[in-house]
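Tertiary structure, described
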Amino acid sequence: MSRKIKVSPAQPEVILALDVDTFKEAKHFINKLYPKIKIFKVGIHFFTACGPEIIEFIHKLGAQVFLDLKFFDIPNTVASAVRVAVNLRVKMLTLHILGGQDMLKQAVIAAREEAGRLKVKRPLLIGVTVLTSKKTTSSNVLTLARVGIESGLDGVVCSVKEIPLLRKKIKRIFVTVTPGIRPGRSGHDDQKRVATVKDAVSAGSNFLVIGRPILRAKQPLRAAEELLGDI
Ligand code: C5P
């Protein structure tokens, strides 16, 4: 099933990174933050701890799932994992662009075929360029983003500061997903290429991934409201 990507830079969406240990904690945050936040990111931390059960919980509520397992393996294995993710009805998922063109193209075919078979919307396939916890050059991110988009991915994960270059140099329609969002511009943790919500919005990021600034706040809902207030 082909998929038209809606890109509306005027209305970026915030995704909560559910980086917690237990189902109970995850439910606590989801119940507190939905419907203020409508997309929840299930990554390797929580998925390793609790598996796919949370996906059903999120869907039942009416919210959506970003499955951030950063697939990086041989093409056949990644394609098989993508088929399973389509069955889980996730909104979007990640793969490492460093996995190479064959891996990415097989993933795109698998997503299309499985979604067609099930007659469902296929997930957005999002390529990880360079982790925001690493310092890198914008041209390095551009090289990887090009490989990803030319292989048929729907978008890339990058830092806010790389968006203008990617938009200028890659003439196709694609979505940008930006982690490393912090209340201030200087990082105090493992994230190196950080930016504020305002920066992300003015750069035209489509999805802002936020974890610790909300999860570790004394009042997570208030922290989310403050951050969302800048959109
Ligand atoms: O807590 P924090 O706001 O740093 O969370 C960022 C989230 O985005 C984490 O779950 C991390 O795994 C994810 N992520 C990232 N950098 C990428 C891709 C995903 O930080 N390139």
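The sections below set out a description of the structure shown in this document. (Residues numbered from 1 in each chain as written. Predicted model: local features only at pLDDT ≥ 70, side-chain atom pairs only at ≥ 80, totals over all residues. Heavy atoms only, no water.)

1. Description of the packing of helix 1 (residues 23-33) against helix 10 (residues 220-229)
Convention followed: Interaxial angles span 0 to 180 degrees and are taken between N-to-C directions of axes, which are lines fitted to C-alpha atoms, for helices over the stretch in contact. Each helix is a run of H or I in the DSSP string that is no shorter than four residues. Each strand is a run of E no shorter than two, and both are numbered from the N terminus. Each angle is binned into one of four classes, with values under 35 degrees roughly parallel, values over 145 roughly antiparallel, values of 65 to 115 roughly perpendicular, and all other values oblique. For a crossing to be left-handed, the near helix must be turned anticlockwise from the far one by less than a right angle; the clockwise case is right-handed. Pairs of residues are marked as contacts when any of their non-hydrogen atoms sit within 4.5 Å. All residues other than Ala, Val, Leu, Ile, Met, Phe, Trp, Tyr, Cys, Pro, Asp, Glu, Lys and Arg, Gly among them, are scored as polar; the first ten of these are nonpolar and the last four charged.
Two elements in contact, helix 1 and helix 10, have axes whose closest approach is 9 Å; the angle formed by their N-to-C orientations is 50°. The angle between helix 1 and helix 10 places the two elements in the oblique class. Between helix 1 and helix 10 lies a crossing whose hand is right-handed. Together, Phe 29, Lys 32 and Leu 33 of helix 1 and Pro 220, Leu 221 and Ala 224 of helix 10 make up the contact between the two elements. When the residues that make up the contact of helix 1 with helix 10 are grouped by side-chain class, the tally is 5 nonpolar, no polar and 1 charged.

2. A look at the pairing of strand 8 (residues 207-210)
Selection criterion: Buried, partly exposed and exposed residues are distinguished by accessible area as a fraction of the type maximum, computed with a 1.4 Å probe on protein chains only: under 20%, between the cut-offs, and over 50%, respectively. We call two strands paired when DSSP finds no fewer than two bridges between them.
In strand 8, alternate side chains face the same way, and those of Phe 207 and Val 209 on one face and Leu 208 and Ile 210 on the other are all buried. Alignment of strand 1 (residues 13-17) against strand 8, held across 4 bridges, turns out to be parallel. Residue pairing in the sheet places Leu 16 in a bridge with Ile 210 of strand 8. In this sheet, strand 8 lies alongside strand 7 (residues 175-178) in parallel orientation, the contact comprising 2 bridges. Bridge pairing in strand 8 places Val 177 opposite Phe 207.

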